[in-house]
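Survey of secondary and tertiary structure
Residues per chain are reported as follows:
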Amino acid sequence: MRKEPAYENEIARILQTKELKRLRGKDFLRTEDVDMHQSFMLFHLAERLKEMHTKKIRLPKLLDQKTVCLFFEKPSTRTRVSFDAGIHLLHGHSFFIDKTTTQMGRGEDMKDTALTLSQYTDAVMGRVFQHKELEVMAKHAPIPVINGLTDEDHPCQILSDLFTIREHFGHLKGLTLMYVGVSDNVTDSLLVGCAMVGVNMYVASPKQFPVSSKYLRIAHSFAKKTGSEIKVFHEMPDANTLKNVNIVYTDEWESMHMHLDKKKLQPILGKFQVNEKLLSKCASNARMMHCLPALKGEEVSHDVMYGKRSLVWPQAHNRMWVQMALLSSILQ
């Protein structure tokens, strides 16, 4: 059985790999800001940290004397808690600020806020409405900025989702993930992340909610290198297609940056619910994922959400370990 020094030596070696050394001091604003090789090395590090904690072995002080600001414009449960708890486990310090209770609520702009936060902290995790605002923060902050969610991208979510899939299935290459429902920023990020690591990606979304052509182009550019297959459907695929699906993924029909008349759209959206009937048509090993929060009875049925095919809770749990690996690499 490996003991604490063996784990710490291995973690030190992982952090010194060329892949993770290239992340030092870098921003993480978009899913493609880490490449396939960096992603797998981050998974390796997250796996070791999680294993140590499970075995009650003391974690190394990878964020000792590091302070991370958690900056929020949007409500949050998993992003806020997973970052806060993970930073604490690595002996760092984090603090939460809300735009409405800072001077930004009185008109201070993002440039001055970024310059100010940089005087006191080693990194900022921002969860904001507009991606361009996060880019302004990153432009003017000399410290790393990490995307905790914007209207365009959710990179920490997708990185940890891929980790969860790999943890459950033992591999990524050749698996097929199908996103079902209203295409949104999570869909776009999944397209890029899956294509980058060789996971086939299908999107089944009503024609009223087309997939971003910009992100499709990026995904196809990665798919040419990895062999990932990308398909978009405006209705639920036929049985012959569904039998190859290993992961069915969904999100709320109305994301925080959207305003839909769900009652009017119910007849259309109801056809894209993730339920037992849909999963029974997928591969025998098919599992369901959801980035949460979920509205049971809308995009997902209650029985699937809490059933044996659900990876929802491991998925939420793994946010912490992957983000710990990411912060350790960026702030090493």
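Here is a short report on the structure shown in this document.

Considerations on the overall build of the protein chain
Each helix and strand counted, the protein chain has 14 helices and nine strands in total. Its C-alpha radius of gyration of 20 Å places the protein chain within 12% of the 20 Å reference for a compact globule of 332 residues. Counting over 332 residues, the protein chain shows a buried share of 56%. Taking the contacts inside the protein chain whose residues are at least 6 apart along the sequence as the reference set, 76% of them involve residues at least 24 apart.

With respect to the sheet that holds strand β8 (residues 247-250)
Strand order in the open sheet formed by five strands is β7-β6-β5-β8-β9, with parallel pairing between adjacent strands. The open sheet terminates on both sides in strands that have one partner only, identified here as β7 (230-233) and β9 (287-290). If you compare each strand with its neighbour and ignore which way they point, the axes differ by 20° on average. Seen against the sheet, helix α8 (residues 185-197) touches β5 (176-180), β6 (200-204), β7 and β8 and runs at an angle of roughly 160° to β6.

A short note on the sheet that holds strand β2 (residues 93-98)
If you walk across this open sheet you meet the four strands as β2-β1-β3-β4, and the pairing is parallel. Two strands in the sheet have a free side with no partner beyond their single neighbour: β2 and β4 (145-149). The average angle at which neighbouring strand axes cross in this sheet is 20°, direction not considered. Packed on one face of the sheet, helix α4 (residues 78-89) meets β1 (67-72), β2, β3 (123-127) and β4 and runs near 175° to β1. Across the sheet, helix α6 (residues 131-140) is in contact with β1, β3 and β4; its angle to β4 comes to roughly 165°.

Quick notes on the packing of helix α1 (residues 4-15) against helix α3 (residues 36-54)
Relative orientation of the contacting elements α1 and α3 amounts to 160°, with a least axis distance of 10 Å. Classified by the angle between their axes, α1 and α3 sit roughly antiparallel to one another. In this structure, α1 crosses over α3, and the sense of that crossing is left-handed. Residues Tyr 7, Glu 10, Ile 11, Ile 14 and Leu 15 of α1 form the contact with α3, whose own contacting residues are Met 41, His 44, Leu 45, Arg 48, Leu 49, Glu 51 and Met 52. By residue class, the composition of the contact of α1 with α3 is eight nonpolar, one polar and three charged.

Thoughts on the nonpolar core
Ranked by internal contacts, the top residues of the largest apolar core, which has 71 residues, are Ile 146, Ile 165, Leu 177 and Leu 190. Leave out the neighbours within four places in its chain, and Leu 177 touches Ile 165, Leu 190, Cys 194, Val 199, Asn 200, Met 201, Tyr 202, Ile 247 and Tyr 249.

What about the layout of surface pockets?
Put simply, the second largest pocket is a space of about 180 Å³. Lining the second largest pocket are Glu 235, Met 236, Pro 237, Leu 242, Gly 270, Lys 271, Phe 272, Gln 273, Asn 275, Lys 277, Leu 278 and Lys 281. Counted by class, the lining of the second largest pocket contains five nonpolar, three polar and four charged residues.

A word on α4
Here α4 contains twelve residues, and its C-alpha end-to-end distance of 16 Å stays within 8% of the 16 Å for a straight helix at 1.5 Å per residue. Within the span of α4, buried status applies to Thr 79, Ser 82, Phe 83, Gly 86 and Ile 87. One side of α4 carries all its buried residues, which in axial view fall inside an arc of 120°. Residues of α4 that are buried make contact with β1, β2, β3, β4, α7 (155-169) and α14 (312-330). One or two positions beyond α4, positive phi appears at His 91, with a value near 70°.

Reading the values: the criteria
- Going along each chain's sequence as written, the residues are numbered from 1 onward.
- Local features are withheld for residues below a pLDDT of 70 in this predicted model, meaning they are given only at 70 or higher, and side-chain atom pairs are given and counted only at 80 or more; totals for whole chains, interfaces and linings count all residues.
- The side-chain figures draw on all heavy atoms in the structure; neither hydrogens nor water molecules are used.
- The secondary structure listing takes helices from DSSP runs of H or I that are at least 4 residues long and strands from runs of E that are at least 2 residues long, numbered from the N terminus.
- The globule rule used here is 2.2 Å times the number of residues to the 0.38 power, and the radius of gyration it is set against is calculated over C-alpha atoms.
- Three exposure classes are used, based on accessible area relative to the maximum for each residue type with a 1.4 Å probe and protein chains only: buried under 20%, partly exposed in between, and exposed over 50%.
- Only heavy atoms enter the contact rule, under which two residues are in contact if any of them lie within 4.5 Å.
- Strands pair, by our definition, only if DSSP identifies at least two bridges between them.
- Geometry is summarised by axes, namely lines fitted to C-alpha atoms with helices restricted to the contacting stretch, and by angles between N-to-C directions that run from 0 to 180 degrees.
- In these notes the angle categories are as follows: under 35 degrees is roughly parallel, over 145 is roughly antiparallel, 65 to 115 is roughly perpendicular, and the rest is oblique.
- Crossing handedness is defined as follows: a turn of the near helix away from the far one that is anticlockwise and smaller than a right angle gives a left-handed crossing, while the clockwise case is right-handed.
- In this count, Pro and Cys sit with the nonpolar residues alongside Ala, Val, Leu, Ile, Met, Phe, Trp and Tyr, while Asp, Glu, Lys and Arg are called charged and the others, Gly among them, polar.
- The term nonpolar core refers to a set of buried residues drawn from Ala, Val, Leu, Ile, Met, Phe, Trp, Tyr and Cys, joined through side-chain atoms within 4.5 Å.
- Throughout, the protein atoms alone are placed on a 1 Å grid, and a set of points is a cavity if a 1.4 Å probe fits but cannot get out or a pocket if it is open with protein on both sides within 12 Å along at least five of seven lines; lining residues have an atom within 4 Å of a point.
- Grid points are joined across faces, edges and corners, and a volume is the space filled by probe spheres set on the points.
- In this analysis, the expected span of each helix is defined as 1.5 Å times one less than the number of residues it contains.
- Note: the arc covers the axis-to-C-beta directions of the helix.

Worth remembering: the numbers are spatial, not functional.
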